[in-house]
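Inside the fold
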Amino acid sequence: MKPTLSLILISSILLSFYSQAQVLDTKRLMEPTLAEGECHTIVDSKIYLKDLKSANGNKKAIEEIGAGHISELSNSDDESYYFCKVKCNLQSQIQFVWLTQKDRNENYKNLSGFVCSGLDIQDVALSPTLTIKTTVATPYSAVKSNYPEIHAKLKETDYKLSGPLLRTLLVEYFNTLKVIHDAYQLANSDLFHGAADELGKYLPTEPDSWELTKAKIKELQESPPKKKNSLLGYSSTELVDMFFTNNAQFIRYVEN
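Fair warning: this is a prediction, and the values are worked out from it, not measured in the lab.

**A short note on the side chain of threonine 134**
Relative to the elements of secondary structure, threonine 134 occurs in strand E6 (residues 130-137). Sequence-distant contacts of threonine 134, that is, excluding residues within four places in its chain, are made with Thr26, Leu29, Met30, Asp120, Ile121, Gln122 and Val124.

**Comments concerning the packing of helix H6 (residues 163-186) against helix H9 (residues 236-247)**
Running from N to C, H6 and H9 point in directions that differ by 155°, and their axes come no closer than 11 Å. It follows from the interaxial angle that H6 and H9 lie roughly antiparallel. Relative to H9, the crossing made by H6 is right-handed. On H9, the residues touching Tyr173, Thr176, Leu177, Ile180 and Tyr184 of H6 are Leu239, Phe243, Phe244 and Asn247. Here the contact of H6 with H9 is built from residues that sort into 7 nonpolar, 2 polar and no charged.

**Section: the pattern of salt bridges**
Under the counting rule described, the total for this entry stands at 11 salt bridges. The partner of lysine 50 in a salt bridge is aspartate 51, with the nearest N and O atoms 3.4 Å apart. For glutamate 64, the salt bridge identified is with lysine 85, shortest N-O distance 3.2 Å. Of this pair, glutamate 64 sits in helix H3 (residues 59-65) while lysine 85 sits in strand E3 (residues 79-90), and the two are 21 residues apart along the sequence. Judged by its relative accessible area of 38%, glutamate 64 is partly exposed. For lysine 85, a relative accessible area of 16% puts it in the buried group. Linked through salt bridges whose partners overlap, the residues forming this network are Lys216, Glu219 and Asp241.

**A closer look at the state of the cysteines**
Under the counting rule described, the total for this entry stands at 2 disulfides. With its sulfur 2.1 Å from that of its partner, cysteine 39 forms a disulfide with cysteine 88. Disulfide cysteine 39-cysteine 88: the torsion about the S-S bond is 105°, which places it as right-handed. One end of the pair, cysteine 39, is in strand E1 (residues 38-41); the other, cysteine 88, is in strand E3, and 49 residues separate them in sequence. The same class applies to cysteine 39 and to cysteine 88, which are both buried. With cysteine numbering restricted to those in disulfides and following the sequence, the protein chain has the pairing 1-3, 2-4.

Cut-offs used in this document
- Residues numbered from 1 in each chain as written.
- Predicted model: local features only at pLDDT ≥ 70, side-chain atom pairs only at ≥ 80, totals over all residues.
- Heavy atoms only, no water.
- Helix = DSSP H or I, 4+ residues; strand = E, 2+ residues; numbered from the N terminus.
- Contact = heavy atoms within 4.5 Å.
- Axes fitted to C-alpha atoms, helices over the stretch in contact; angles between N-to-C directions.
- Parallel < 35°, antiparallel > 145°, perpendicular 65-115°, else oblique.
- Left-handed = near helix turned anticlockwise from the far one by under 90°.
- Nonpolar A, V, L, I, M, F, W, Y, C, P; charged D, E, K, R; others polar.
- Salt bridge = Lys/Arg side-chain N within 4 Å of Asp/Glu carboxyl O.
- Buried < 20%, exposed > 50% of the residue type's maximum accessible area, 1.4 Å probe, protein only.
- Disulfide = S-S within 2.5 Å.

This is the structure in structure tokens:
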């Protein structure tokens, strides 16, 4: 039985509708709107070090990443480097940054390996009956990130926090400080009790807490702590250092 003209038209309209819906929704997910101070990884920007070092390496990417930096890196039998491009909204100006990442070579065969930070593969519902698997870019705070390249860009642009964004970050920080301090106090461990005592000096109710906080951030900038496999592998002071590393990066961008 041949399809009628009306059936063909209805099918074309429905196909067009779902195609447009997919394009619109996936674009929003892959290119989210950035608020002030936010960044997101650019989908499909990943470039491997081995490809940049080949005879046909992407010249524009090499120029942006830096030929000197690329020449300093070498893949090993166990690990390989790759680069991912990030878009940031910093003081109402769009800035781009390349992140240097690496993963274990055994993960080439693993779909979760060699993935750009900030990207995730998710099932997305485009309608009540249509779901697709697509890449989603999640915006994150530049000043709270742990990416040295982003902090280098913030320093280069003389980035300063102010207004509602600063107030929001400070409220989040002090709330987290109080929660972690109280949790360490209640723990049945001398290790955590010692960390609680040290963290207590930075509570906003304590004299000189803000000056002590800024001094701690400066100290950690000059000598970043190394992560360990277990909390029990840290000393009390190292636990405090990791708290500030994970929660107070933004304070370096607060004007004195």
